[in-house]
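Chain by chain, the residues run as shown.
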Amino acid sequence: MGLTACVLAIDAGNSKTDVAVVAADGHVLATARGGGFRPPTVGVGAAVDALAEAVGRAYAAADVTSVAHVSACLANADLPVEEEQLAAALHARAWGTTVEVRNDTFAILRAGVAEPRGVAVVCGAGINCVGMRPDGRTARFPALGRISGDWGGGWGLAEEALWHAARAEDGRGGPTALARTLPAHFGLDSMYALIEALHLEHVAPARRHELAPVLFATAAQGDPVARTVVDRLAEEVVAMATVALTRLDLLNEETPVLLGGGVLAAGHAQLDDGVRDLLASRAPKAVPRVVTAPPVLGAALLGLDRAGAGDEVRERVRAHYRS
């Protein structure tokens, strides 16, 4: 007969899932990794089935049959109604007595702060921002793309770079080195060739995200158009952070602003400097910091917060992910 652990922590992104079984004293009993979590593509049932495979392996390794609480931070849980639907689907699996689902951006935020207080902006394939206070107040955005006012993220940056490059080559826009560097990434000699390859899917659509690093490299070489796009991303990051700080009445208090996701964690000097300079102007008490801790740590800490765990317990789970 297995034991009952305290928290099942789940961080499920579009490309991979990490789970951890955590004891009440903060010891990590077992971990497992699974595939991506994409309910909009495969449906909620199939997406949760994919989670079940990783959870099953972690439970077997920890020799447990259930936990007191499931703390799940999930991609594509962009609206509260979606969080509720996914929480019901997870509760039906009987993995734990209680279940709380949050958007996966909350995991990055909680992983980077000593207490549940601060703001996180995540820029990976897309862009999102959340904030939280210890009293339970949160700030968030729908983060559904252009229909919810978003701009940025790896996909958006690639699309913007392609737009400028196409117009530069055919004369509708001003010159930019992107007209050369974007097709060259795929071994092509013109934007026309790249447009054709993307349209006919000779270059797989999923590879478009590869163009975001090309944009940053072109900007670093001094191309004015590419630099303008990077500057706009810095503006977007700071706009989201400042709005979240304002909503939570944290604009005038020293508050961590966590930067996460592949784009913001990549160390692009122009972007990093732009974000810090704009924050210093618009939110001078904000303390920007790049998050390097794994998001599943944040999911575990959110679960331990709910359990009323003390500092020693939280430090023990942090230490596991530092080792």
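Everything below is about the structure shown above.
Residues numbered from 1 in each chain as written. Predicted model: local features only at pLDDT ≥ 70, side-chain atom pairs only at ≥ 80, totals over all residues. Heavy atoms only, no water.

Mind laying out the pattern of salt bridges, listing which residues take part and the relevant values?
The final tally for this structure, using the stated rule, is 16 salt bridges. In this structure, the salt-bridge partner of Glu100 is Arg102, at a minimum N-O distance of 3.6 Å. Judged by its relative accessible area of 26%, Glu100 falls in the partly exposed class. Among the ionic pairs, Glu312 bridges to Arg316, the shortest N-O distance being 3.0 Å. Separated by four residues within a single helix, Glu312 and Arg316 lie in helix α12 (residues 311-322), roughly one turn from each other. (Salt bridge = Lys/Arg side-chain N within 4 Å of Asp/Glu carboxyl O. Buried < 20%, exposed > 50% of the residue type's maximum accessible area, 1.4 Å probe, protein only. Helix = DSSP H or I, 4+ residues; strand = E, 2+ residues; numbered from the N terminus.)

Describe in detail the nonpolar core, supporting the description with residues and values.
In this structure, Leu157, Leu182, Leu233 and Leu271 are the most contacted members of the largest nonpolar core, which totals 54 residues. Ranked by residues supplied to this core, first place goes to helix α9 (residues 224-247) with twelve residues. Listed in part, the 30 residues of the second largest apolar core include Tyr59, Ala62, Ala72 and Leu86. (Core = buried A, V, L, I, M, F, W, Y, C linked by side-chain atoms within 4.5 Å.)

Can you lay out the sheet that holds strand β7 (residues 127-132) for me, pointing to particular residues and giving the numbers?
Judged by pairing direction, the sheet is mixed, and its five strands sit side by side in the order β8-β7-β6-β9-β10 without closing on themselves. Edge positions in the sheet fall to β8 (138-140) and β10 (286-290), since each of these pairs with one other strand and no more. Within the sheet, the average angular offset between the axes of one strand and its neighbour, ignoring direction, is 15°. Note: strand β6 (residues 118-123) against β7, six bridges, orientation antiparallel. (Pairing = 2+ DSSP bridges. Axes fitted to C-alpha atoms, helices over the stretch in contact; angles between N-to-C directions.)

Can you lay out the pairing of β10 for me, pointing to particular residues and giving the numbers?
Of the strand pairs in this sheet, strand β9 (residues 255-260) and β10 are connected by five bridges, and their pairing is parallel. Bridge assignment links Thr255 to a residue of β10, and that residue is Ala286.

I'd like to hear about the layout of surface pockets, residue by residue, with values.
As a volume, the largest pocket reaches approximately 1300 Å³. The wall of the largest pocket is formed by 39 residues, among which Asn14, Gly124, Ala125, Gly126 and Ile127 lie closest to the centre. Those elements that place two or more of their residues in the lining of the largest pocket are β1 (3-12), α4 (105-111), β7 and α5 (153-170). In terms of residue count, the dominant contributor to the lining of the largest pocket is α5 (five residues). Here the lining of the largest pocket is built from residues that sort into 15 nonpolar, 16 polar and eight charged. In this structure, the second largest pocket occupies an estimated 260 Å³ of space. Lining of the second largest pocket is provided by 15 residues; of these, Glu100, Arg102, Met132, Gly136 and Leu302 occupy positions nearest its centre. Looking at the lining of the second largest pocket, the elements that each hand over two or more residues are β5 (96-103), β8 and α11 (295-306). Of the residues that constitute the lining of the second largest pocket, the class distribution is six nonpolar, two polar and seven charged. (1 Å grid on protein atoms, 1.4 Å probe; cavity = no way out; pocket = protein on both sides within 12 Å on 5 of 7 lines; lining within 4 Å. Points joined across faces, edges and corners; volume = space filled by probe spheres on them. Nonpolar A, V, L, I, M, F, W, Y, C, P; charged D, E, K, R; others polar.)

Requested: an account of the packing of α5 against α9, with residues and values cited.
Closest axis-to-axis distance for the α5/α9 pair is 11 Å, and the angle between their directions is 150°. For the element pair α5 / α9, the angle class is roughly antiparallel. Pair α5 / α9 crosses with right-handed handedness. Between α5 and α9, the residues in contact are Gly153, Leu157, Glu160 and His164 and Val225, Val229, Arg232 and Leu233, respectively. (Parallel < 35°, antiparallel > 145°, perpendicular 65-115°, else oblique. Left-handed = near helix turned anticlockwise from the far one by under 90°. Contact = heavy atoms within 4.5 Å.)

Tell me about the packing of aromatic side chains, and please be specific about residues and values.
Counted according to the given criterion, the structure contains zero aromatic pairs. A cation sits over an aromatic face here: Arg102 above Phe106, 5.3 Å from the ring centre. (Phe/Tyr/Trp six-rings, centres within 6.5 Å; stacked < 30°, edge-to-face > 60°. Lys NZ or Arg CZ within 6 Å of the ring centre and 35° of its normal.)

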